[in-house]
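Close look at the chain arrangement
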Amino acid sequence: MSTPAASATVAPSSGLTARLRGLGPIPRAVIGAIVLAIIVGVVLSLVDSATRGADTTGTPSSSLSTASSGLAAYADLLRRYNYDVNDLRGPIKLNQLSRGDTVVLLDAEHEPTRAEIGALRTFVVTGGRLIAGGGETSAWLRQLSGGAPKWSRTGTKVAFPVGDPRELQGITSVQAAGEGSWSDWGDSDAALRNRGIALMNAVSFGSGHIVYLADASPLQNRLLAKADNAALGVDIAGGSGRPVRFAEGAHGYGNATGLSAVPDRWRISLVGGTLAALLTMLAAGRRLGPPEDDARPLPPPRRAYVDAMGVSLARTRQPAAALAPLQHAVRDRLASRAGLDADATDADLRAAAVRFGWPAEDIEALSRPLGDERTILAAGRALARTSREGGDR
């Protein structure tokens with residue numbers, strides 16, 4: 001048994017469903033199209049915000065990634081120390097950089113092209129600063145500078161400053177994930193190492209400077225707050241206020257943002273999905289047909305049926321002939337109950353009715369023509385009487 005509160009809760013939903021079912025196919029199709037448009041709009045908004053905002057999918061060493069391996073926290077740290085932080089999307093071009101910039105390119109998912117490597121080389125030679133490295137970076141670093149160190153999978157969990165490099169002032173130790181080191185230092189000098197395992201090397205290159213970081217984990221979100229990692233990140237970025245550019249093209253971020261950044265195959269899939277949803281709505285609407293009634297339709301009340309029959313009989317203008325079947329039914333039932341033959345005489349039927357205690361008017365209806373209201377009512381009572389008294393067998 002439902003409580004009033006439950007009834008009150010269900011009633012609005014039921015009323016809304018009833019109103020929707022009561023609409024025709026065209027209004028329902030319009031409402032469905034509006035709902036579909038809203039859903040598509042929400043999806044496009046999510047795609048737009050995803051291509052403009054932070055990445056939570058775990059792109060390693062991306063300043064747009066808030067995952068444990070991202071550099072979003074490092075970028076925020078530099079902003080806090082008044083660095084001008086921006087991301088470089090798409091190919092690296094020399095006209096995007098100035099000699100007072102610092103470029104961060106770690107764990108490149110897509111190795112820089114020859115044109116990009118040439119732009120970076122010119123940028124550093126003319127006074128720029130480059131922080132590069134991460135896993136499997138030896139090939140493109142050696143194209144940048146023939147004296148670049150060689151990367152190794154052997155790593156260390158902690159490293160200490162070596163000598164007295166300018167960018168490591170006040171740093172006592174750096175914690176890492178042990179994901180790589182420099183096995184062959186080339187022309188660079190080790191700046192952070194532990195028992196011969198070099199975590200970070202540095203070298204002056206032309207008028208600029210290159211910081212080779214074999215394992216980017218000290219700057220990533222997961223370890224930035226450990227040991228002196230945050231101080232390391234600030235020191236190797238250069239002086240306060242220096243523009244820092246994170247090369248995000250190497251992590252798959254193009255120049256386009258928002259909806260223009262959606263790949264063509266996604267757009268085709270989105271359009272195809274929308275058309276499929278519209279066709280599904282159309283097919284379902286045609287298959288299901290008109291709205292379903294809230295309740296099972298019931299036949300009209302007996303009184304309405306009787307009234308309709310009365311009107312039909314009255315239109316004949318021959319009440320006696322129209323009501324003859326009623327009179328015959330009363331006679332047959334009475335004869336059956338009294339044990340008389342089907343062709344019993346009026347006298348026999350009257351005698352049986354008297355024996356059963358019928359009123360005089362009902363007895364008169366057995367043989368008298370049914371032409372007035374009084375005799376018609378008497379015949380109806382007689383028929384009902386034979387039914388109650390078991391005349392039907």
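This report concerns the structure included in the present document. Owing to the predicted nature of the structure, the values given are computational and were not obtained by experimental measurement.

**Quick notes on the overall build of the protein**
Scanning the protein from terminus to terminus reveals 13 helices and 11 strands. Out of the 393 residues in the protein, the part that is buried amounts to 36%. Contacts in the protein between residues far apart in sequence, at least 24 positions, make up 67% of those at least 6 positions apart. Carbon and sulfur atoms provide 57% of the accessible area of the protein, an area that totals close to 22000 Å².

**Notes on the pattern of salt bridges**
Taken as a whole and judged by the stated rule, the model has 11 salt bridges. Between arginine 381 and aspartate 362 there is a salt bridge whose closest N-O contact spans 3.4 Å. In this pair, arginine 381 sits in helix α13 (residues 373-388) while aspartate 362 sits in helix α12 (residues 360-364), placing the two residues 19 residues apart along the sequence. A single salt-bridge network, built from bridges that share partners, covers Glu361, Asp362, Arg381 and Arg385.

**Here's the deal with the side chain of serine 181**
Looking at the element boundaries, serine 181 is found in strand β7 (residues 181-184). There is a polar contact of 2.4 Å between the side chain of serine 181 and the backbone oxygen of threonine 154. Ignoring sequence-local partners within four residues, the contact set of serine 181 consists of Lys150, Trp151, Ser152, Thr154, Ile197, Ala198 and Ala214.

**Considerations on the pairing of strand β3 (residues 129-133)**
Extensive coverage of β3 is indicated by the burial of five of its five residues. Burial along β3 is two-sided: the face carrying Arg129, Ile131 and Gly133 and the face carrying Leu130 and Ala132 are both buried. Two strands pair when backbone bridges link them, and strand β2 (residues 102-106) and β3 are joined in this way by five bridges, in the parallel orientation. By the bridge assignment, valine 104 is partnered in β3 with isoleucine 131. In this region the chain leaves β2, passes through helix α4 (residues 114-125) and returns to the parallel neighbour β3; the handedness of that crossover is right-handed. In terms of strand pairing, β3 meets strand β10 (residues 208-213) through five bridges, oriented parallel. Looking across to β10, one finds that isoleucine 131 is bridged to valine 211.

Basis of the calculations
Residues numbered from 1 in each chain as written. Predicted model: local features only at pLDDT ≥ 70, side-chain atom pairs only at ≥ 80, totals over all residues. Heavy atoms only, no water. Helix = DSSP H or I, 4+ residues; strand = E, 2+ residues; numbered from the N terminus. Buried < 20%, exposed > 50% of the residue type's maximum accessible area, 1.4 Å probe, protein only. Contact = heavy atoms within 4.5 Å. Areas by Shrake-Rupley, 256 points an atom, 1.4 Å probe, with all protein chains shown as cover. Salt bridge = Lys/Arg side-chain N within 4 Å of Asp/Glu carboxyl O. Polar contact = N/O pair within 3.5 Å; in protein donor to acceptor, adjacent residues only side chain to side chain. Pairing = 2+ DSSP bridges. Right-handed = clockwise from strand over helix to strand, strands pointing away.

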